[in-house]
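# Residue-level structure breakdown
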Amino acid sequence: MNQLNVIVVFGGVSSEHDISCISAASILRNMDARKYRIYPVGITKSGSWLLFDSDAYDSVEDGSWETSGKTVPAALSPDRETHGLLVLRDSGVEVIRADCVFPVLHGIGGEDGTLQGLLELARIPYVGPGVAASACSMDKSLTKIIVQQEGVRQAAFYLARRCDFAQDPTAVCMAAEQQLGAYPVFVKPCSEGSSVGVSKATDRASLAKGLEEAFRYDAKVLVEEFIDGHEIEVAVIGNDTPSASVAGEIAPSEEFYTFDAKYVSGTSGLYIPAKISDSAMQKVQEAAVRVYRALGCKGLSRVDFFCTYAEDEIVFNEINTLPGFTGISMYPKLQEYMGLAYPELVDRLLALAMERYDG
């Protein structure tokens, strides 16, 4: 069997560094070493690139890989002749040609089109959406504009900017109130994931506080209307002919699905399939594919919605082009429900990445 050289990139400089390491460890454990020669490359929080010369994947999960003594400075080259990794060993520079890259990076610097741009320059196949789809999906305000043109219902929103808030916080809060009409509202940094910097505001004082916190992470912040409904997520997979899984439902253990509820306490309930009507299930699957295709996604994405309690209406929330792949993450669980076990899912995603570059 001809093995493929697969570089798995994890970590990164974003606020989701630790989650990336946990996701990467899960993927690495589920990659078939008979099919792939695996090269884990970690990016530290300060931005250093290191080849982790070991298969001790527990060290990737707990973060001890950095101090394991088994790392070597390395970098992905944009040179198409190199087509892979430059490893700076004591004996000289080693070149590892890459057949495919699996960027297991969440958030800024990995899910926003920047790494994808480097891989396009090098002409190396990679898992997940391309530059434009990644950039537009990462910036929630751009996602809103594209989805609005597609005609998919979404939460009403007001776009706040850090420069305006710094000059007159009250004016920004009043503009958001005028746009949305009523509390509660949700405050979200435009380019963060995993609920980082997200808060729920019930009055002007909590809105101002939420905006101040969100502006720590981004210069643009969305203030969104509150949707009273089931929180549901759909796993989409494929290139030109994507397919949608059944929707899974989040039952948050806290007031909303916070970072701690997702990854720290692990107490939120996950229901597969979601507890929604058959008609709502069909609508959300169709809407997930529409959003995916409108943004130009390839490979995979998780598309998140609400299903309102009152009218069973499907409302788009956001899209994640490289969703969590931890042991408790919804995307692999949904695919498993659809009959694609974790190792087979990894195989399928790598095959889709290679398929995009055929011809």
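The structure under discussion appears in the preceding block.
A few points on the structure. Treat the numbers as computed from the prediction; the structure is a model and nothing was measured. (Residues numbered from 1 in each chain as written. Predicted model: local features only at pLDDT ≥ 70, side-chain atom pairs only at ≥ 80, totals over all residues. Heavy atoms only, no water.)

## Regarding the overall build of the chain
- For the chain, the helix and strand inventory stands at twelve helices and 16 strands.
- Scaling as 2.2 N^0.38, a compact globule of 359 residues should have a C-alpha radius of gyration of about 21 Å, and the chain matches this with 21 Å.
- For the C-alpha atoms alone, the extent of the chain along its principal axes is close to 65 × 50 × 40 Å.
- For the chain, the residues scored as buried account for 53% of the 359 residues in total.
- Sequence-distant contacts, at least 24 apart, represent 65% of the contacts inside the chain between residues at least 6 apart.
- Accessible surface, the chain as shown: approximately 15,200 Å² in total, 49% of it carbon and sulfur. (Helix = DSSP H or I, 4+ residues; strand = E, 2+ residues; numbered from the N terminus. Rg over C-alpha atoms; globule rule 2.2 N^0.38 Å. Buried < 20%, exposed > 50% of the residue type's maximum accessible area, 1.4 Å probe, protein only. Contact = heavy atoms within 4.5 Å. Areas by Shrake-Rupley, 256 points an atom, 1.4 Å probe, with all protein chains shown as cover.)

## Section: the environment of glycine 128
- Along the chain, glycine 128 falls in the loop between helix H3 (114-122) and helix H4 (131-138).
- When the C-alpha atoms of glycine 128 and glutamine 3 are compared, they prove to be 21 Å apart, with 125 residues separating the residues in sequence.
- The residues contacting glycine 128, other than those within four sequence positions of it, are Lys298, Leu300 and Arg356.

## Notes on the side chain of serine 23
- Note that serine 23 resides in helix H1 (residues 17-29).
- Take serine 23: its relative accessible area is 0%, and that puts it in the buried class.
- At 2.9 Å, the side chain of serine 23 forms a polar contact with the backbone nitrogen of phenylalanine 325.
- Apart from residues lying up to four places away in sequence, serine 23 is in contact with Val104, His106, Gly324, Phe325, Thr326 and Tyr342. (Polar contact = N/O pair within 3.5 Å; in protein donor to acceptor, adjacent residues only side chain to side chain.)

## As for the sheet that holds strand S8 (residues 157-161)
- Pairing within the open sheet is antiparallel, and its four strands lie in the order S8-S11-S9-S10. The strands lining the two open edges of the sheet, one partner per strand, are S8 and strand S10 (199-201). Here the average twist between neighbouring strands, direction ignored, is 25°.
- As judged from the five bridges shared by strand S9 (residues 185-189) and strand S11 (residues 220-225), these two strands associate in the antiparallel manner. From the neighbouring strand, proline 189 faces S11, where its bridge partner is valine 221.
- Those strands touched by helix H7 (residues 169-180) are S8, S9 and S11, and its axis lies near 165° from that of S8. (Pairing = 2+ DSSP bridges. Axes fitted to C-alpha atoms, helices over the stretch in contact; angles between N-to-C directions.)

## Some thoughts on the nonpolar core
- Among the nonpolar cores identified, the biggest contains 63 residues, and Met31, Phe102 and Phe305 are the most heavily contacted of them.
- When residues of this core are assigned to their parent elements, the largest contribution, eight residues, is made by helix H10 (residues 278-294).
- Excluding anything up to four places from it in sequence, phenylalanine 102 contacts Ile7, Val8, Val9, Ile27, Val127, Leu322, Val346, Leu349 and Leu350.
- Counting 20 residues, the second largest nonpolar core, distinct from the first, contains Ile43, Ala122, Ile124 and Tyr357. (Core = buried A, V, L, I, M, F, W, Y, C linked by side-chain atoms within 4.5 Å.)

## As for the pairing of S8
- Burial along S8 is one-sided: Tyr158 and Ala160 are buried, and none of Phe157, Leu159 and Arg161, which face the opposite way, are.
- Where S8 and S11 come together, five bridges link them in antiparallel fashion. Following the sheet pairing, leucine 159 is matched in S11 by leucine 222.

## Structural notes on the sheet that holds strand S16 (residues 314-320)
- Taken in spatial order, the five strands make up an open sheet running S14-S13-S12-S15-S16, and their pairing is antiparallel. If you trace the sheet from one side to the other, it starts and ends with strand S14 (269-271) and S16, each paired once. Averaged over all neighbouring strand pairs, the angle between strand axes comes to 30°, with direction disregarded.
- Here helix H12 (residues 342-356) sits on the sheet in contact with strand S12 (229-238) and strand S15 (299-308), set at roughly 60° to S12.

## Focus: the packing of aromatic side chains
- All chains considered together, the criterion is met by nine aromatic pairs.
- When the centroid spacing of 5.3 Å and the interplanar angle of 40° are considered together, the rings of phenylalanine 165 and phenylalanine 215 count as tilted. In this pair, phenylalanine 165 is assigned in helix H6 (residues 162-167) and phenylalanine 215 in the loop between helix H8 (204-214) and S11, connecting sequence segments 50 residues apart.
- Look at phenylalanine 215 and you get buried, because its relative accessible area is 6%.
- Aromatic pair phenylalanine 325 and tyrosine 331: ring centres 5.6 Å apart, planes at 40°, arrangement tilted. Both residues of the pair, phenylalanine 325 and tyrosine 331, count as buried.
- Ring-pair connections join several aromatic residues into one group, and the members of that group are Phe102, Phe325, Tyr331 and Tyr342.
- Its guanidinium or amino end placed over the ring of tyrosine 271, lysine 275 lies 4.0 Å from that ring's centre, counting from NZ or CZ.
- Sitting over the face of the ring of tyrosine 126, arginine 356 holds its NZ or CZ atom 4.9 Å from the ring centroid. (Phe/Tyr/Trp six-rings, centres within 6.5 Å; stacked < 30°, edge-to-face > 60°. Lys NZ or Arg CZ within 6 Å of the ring centre and 35° of its normal.)

## So, the packing of H4 against helix H5 (residues 140-150)
- Packing of H4 against H5 leaves a shortest axis separation of 5 Å and a crossing angle of 105°. By the angle class used here, H4 and H5 are roughly perpendicular. Taking contact as the criterion, the partners of Cys136, Ser137 and Met138 in H4 are, on H5, Lys140, Leu142, Thr143 and Ile146. (Parallel < 35°, antiparallel > 145°, perpendicular 65-115°, else oblique.)

## A look at the packing of H7 against H8
- At their nearest, the axes of H7 and H8 sit 10 Å apart, and the two run at 115° to each other. With respect to H8, the axis of H7 lies roughly perpendicular. The interaxial crossing formed by H7 with H8 has right-handed handedness. Together, Thr170, Val172, Cys173, Met174, Ala176 and Glu177 of H7 and Arg204, Leu207, Ala208 and Leu211 of H8 make up the contact between the two elements. (Left-handed = near helix turned anticlockwise from the far one by under 90°.)

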